[in-house]
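In case you want the letters, here they are:
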Amino acid sequence: YSAPERVVGGVTFDIARRVSAAGYGVHTNSSVDFEVEGMKRVLEQMAEERKVRLLYHTFFADAFVENGCVTGAIVQNKNGLQCIRARQFIDCTGDGDLAAAAGCAFEYGDVDSGHCQPMTLMFTIGGVDYDRVKAFRGSDYKLRHVWEQAQKNGDMRPFQDGIMGWWWTPTRPDHLGINFTHVNFVNSTRAEDLTSATLEARKQVFETIEVYRKYVPGMENGYLVSTPNTIGIRESRRILGDYYLTRDDLLAERVFEDSIGYGSFFIDIHNCSGPGMDAKRYVPRKGFKYTIPYRILTPRGMRNLLVAGRCVSVSHEALGSLRVMPQCGVMGQAAGTAAALA
């Protein structure tokens, strides 16, 4: 056995090492399994050490733009409306809120259907006998026949047809993180849609737990530990930048002169119009990796604005690989470095 090659470093790998050293998870070259609450603490400690000024409970509202530059960001919080002035701005809202308000061009969803990937409310359950769960699951990762039977028996609505992720962390052996809820046809740039998606996903959470208790050996005593404060969003606006990264670029493993780092995740696209995975999902060969060009972070026509995260300049299919945490960490660190240098 040889350890897999590590392709993502920097702040992302530093986080993985620190959360493991603090006893909140376990990392390898290819992954880190962690406790969510412990991860929050580690991230806040890192911000404190680096003298990062945090401001929670604050939403972006609008932008001031003059001569191709953002001169101010209007935010709303308990203090009321405020304007934040800066020489450089980085939009890490995921939805490209600042860039869109500044007038930047963007794409939305799949160009064929106009739909985005579904939203998911992740959740954690306790009371799990993970050894029995593993034995039951065996090599059948998705357990589709289980959910088909539950739906046939009237115990589950057809919102999902396979496991999207059961995340187990050795430091909390009786807990399991669940990626299973699935809400289609919602727009994360609309508060009404975010509300309706959250309400529907929470119904799915409690429905899912009852199904797990009834159908999965080792989960008979499962109970809800927590849900996140916001629903998980896979896709919305993609800001058009000085380069537009495509699926073909990824699969060709193109090496860009302005590379900011590597990505290696498969093209992970959840069904935009129903349960399960999309036909455009693609798993490449072992050892697959590609470079990420800096120009996907630079919106066209803007001089002092960068974007990072899932709102960068990529196609719907390329986003399937770029939108996950390691790649977002690479883009965030590059954007922060570029802003400081500028």
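A quick note: this is a predicted structure, and the numbers were derived from the prediction, not measured.

A. Broad picture of the sheet that holds strand β4 (residues 69-77). An order of β3-β4-β5 is seen for the three strands of this open sheet, with the pairing classed as antiparallel. With one partner strand each, in any of the chains shown, β3 (59-66) and β5 (80-84) form the two edges of the open sheet. When the angles between neighbouring strand axes are averaged without regard to direction, this sheet yields 25 degrees. Of the pairings in the sheet, the one linking β3 to β4 comprises seven bridges and is antiparallel in character.

B. Fine view of the environment of phenylalanine 206. Among the secondary structure elements, phenylalanine 206 is positioned in helix α6 (residues 191-215). Each C-alpha atom, one on phenylalanine 206 and one on valine 183, is 15 Å from the other, the two residues being 23 residues apart in sequence.

C. A look at the sheet that holds strand β10 (residues 176-179). Read from one edge to the other, the open sheet built from four strands follows the order β9-β10-β8-β11, with strand pairing classed as antiparallel. Edge strands, defined here as strands with exactly one partner in the open sheet, are β9 (165-167) and β11 (223-226). Between one strand axis and the next, the sheet turns through 35 degrees on average, direction left out of account. By the bridge criterion, three bridges tie β9 to β10 in an arrangement that is antiparallel. Each residue of the ladder has a partner; that of glycine 165, found in β10, is asparagine 179.

D. Broad picture of the state of the cysteines. This structure, assessed with the given rule, holds zero disulfides. Lacking any disulfide linkage, cysteine 69 is separated from the closest cysteine sulfur, that of cysteine 104, by 11 Å. Classification of cysteine 69 as buried rests on a relative accessible area of 15%. The cysteine cysteine 116 is free of any disulfide, with cysteine 272 supplying the nearest cysteine sulfur at 7.3 Å. In this structure cysteine 116 comes out as buried when scored by relative accessible area, which is 6%.

E. Representation of a nonpolar patch on the surface within the structure. Taken together, Val52, Leu54 and Tyr56 make up a surface patch of nonpolar side chains, about 300 Å² in accessible area. One can find tyrosine 56 in the loop between α2 (36-49) and β3. Residue class for tyrosine 56 comes out partly exposed when judged on its relative accessible area of 48%.

F. Up close: the side chain of asparagine 271. Relative to the assigned elements, asparagine 271 resides in the loop between β13 (259-263) and β14 (290-293). By relative accessible area, asparagine 271 is classed as buried at 16%. A polar atom in the side chain of asparagine 271 sits 3.3 Å from the backbone nitrogen of glycine 274. Not counting the four nearest positions on each side in its chain, asparagine 271 is found in contact with Pro118, His182, Asn184, Gly276, Met277 and Asp278.

G. Representation of the nonpolar core. Ranked by internal contacts, the top residues of the largest apolar core, which has 37 residues, are Leu245, Ile296, Leu297, Leu305, Val314, Leu322 and Met331. When contributions to this core are tallied by element, the ones reaching two or more residues are β4, α3 (97-101), β14, β15 (305-307), α8 (316-322) and α9 (325-341). The dominant element in this core, judged by the number of residues it contributes, is α9, at six residues.

H. A look at α6. When the terminal C-alpha atoms of α6 are compared, their 35 Å separation across 25 residues agrees well with the 36 Å that a helix rising 1.5 Å per residue should span. Those residues of α6 not exposed but buried are Asp193, Ala197, Ala201, Gln204, Val205, Glu207, Thr208, Ile209, Val211, Tyr212 and Tyr215. Packed against the buried residues of α6 are β8 (123-126), α4 (130-137), α5 (144-152), β9, β10 and β11.

I. Spatial organisation of the pairing of β10. Every second residue of β10 is oriented toward a common face, with Leu176 and Ile178 on one face and Gly177 and Asn179 on the other, all of them buried. Pairing analysis gives three bridges linking β8 to β10, with the strands arranged antiparallel. Residue pairing for β10: phenylalanine 123 is matched across the bridge by isoleucine 178.

J. Structural view of unusual backbone geometry. Residues other than glycine seldom take positive phi values, yet histidine 57 does so here, at roughly 60 degrees. Mapping histidine 57 onto the fold places it in the loop between α2 and β3. A relative accessible area of 69% means that histidine 57 is categorised as exposed.

K. Just the packing of α5 against α6, in detail. The geometry of α5 relative to α6 is characterised by a closest axis approach of 11 Å and an angle of 110 degrees between their N-to-C directions. In this view, α5 runs roughly perpendicular relative to α6, as classed from their interaxial angle. Residue-level inspection shows Val146, Trp147, Gln149 and Ala150 of α5 in contact with α6, the latter providing Val211, Tyr212 and Tyr215. A breakdown of the residues in the contact of α5 with α6 according to their chemical character gives six nonpolar, one polar and no charged.

Cut-offs used in this document
- Numbering of residues starts from 1 in each chain and follows the order in which that chain's sequence is written.
- Only residues with pLDDT of 70 or above have their local features reported here, since the model is predicted, and side-chain atom pairs are shown and tallied only from 80 upward, although totals for entire chains, interfaces and linings are computed over all residues.
- Water and hydrogen atoms play no part in the side-chain values, which are based on all heavy atoms of the structure.
- Note: two strands are recorded as paired if DSSP finds a minimum of 2 bridges between them.
- Helix and strand labels come from DSSP, where a helix needs a run of H or I of at least four residues and a strand needs a run of E of at least two; each type is numbered from the N terminus.
- Helix axes are fitted only over the stretch in contact, all axes being lines through C-alpha atoms; the angle between N-to-C directions runs from 0 to 180 degrees.
- Here, a disulfide means two cysteine sulfur atoms that sit within 2.5 Å of each other.
- Type-normalised accessible area, obtained with a 1.4 Å probe on protein chains alone, sets the label of each residue: buried when under 20%, exposed when over 50%, and partly exposed for intermediate values.
- Put simply, a patch holds well-exposed residues, over 30% relative accessible area, that have no salt bridge, with like charges counted together within 9 Å and Val, Leu, Ile, Met, Phe, Trp or Tyr side chains within 5 Å.
- In these tables, accessible area is a Shrake-Rupley quantity obtained with a 1.4 Å probe, and a residue counts as shielded only by the protein chains included in the view.
- For salt bridges, the criterion is a side-chain nitrogen of Lys or Arg within 4 Å of an Asp or Glu carboxyl oxygen.
- N or O atoms within 3.5 Å of each other form a polar contact, as long as, within protein, one can give a hydrogen and the other can take it, and as long as residues adjacent in sequence are counted only when both atoms are side-chain atoms.
- In what follows, residue pairs with any heavy atoms lying within 4.5 Å of each other are defined as contacts.
- Throughout, nonpolar core names a set of buried Ala, Val, Leu, Ile, Met, Phe, Trp, Tyr and Cys residues whose side chains join them through atoms within 4.5 Å.
- In a helix, the anticipated span is given by 1.5 Å times the number of residues less one.
- To sort the angles, those under 35 degrees are grouped as roughly parallel, those over 145 as roughly antiparallel, those from 65 to 115 as roughly perpendicular, and the leftovers as oblique.
- All residues other than Ala, Val, Leu, Ile, Met, Phe, Trp, Tyr, Cys, Pro, Asp, Glu, Lys and Arg, Gly among them, are scored as polar; the first ten of these are nonpolar and the last four charged.

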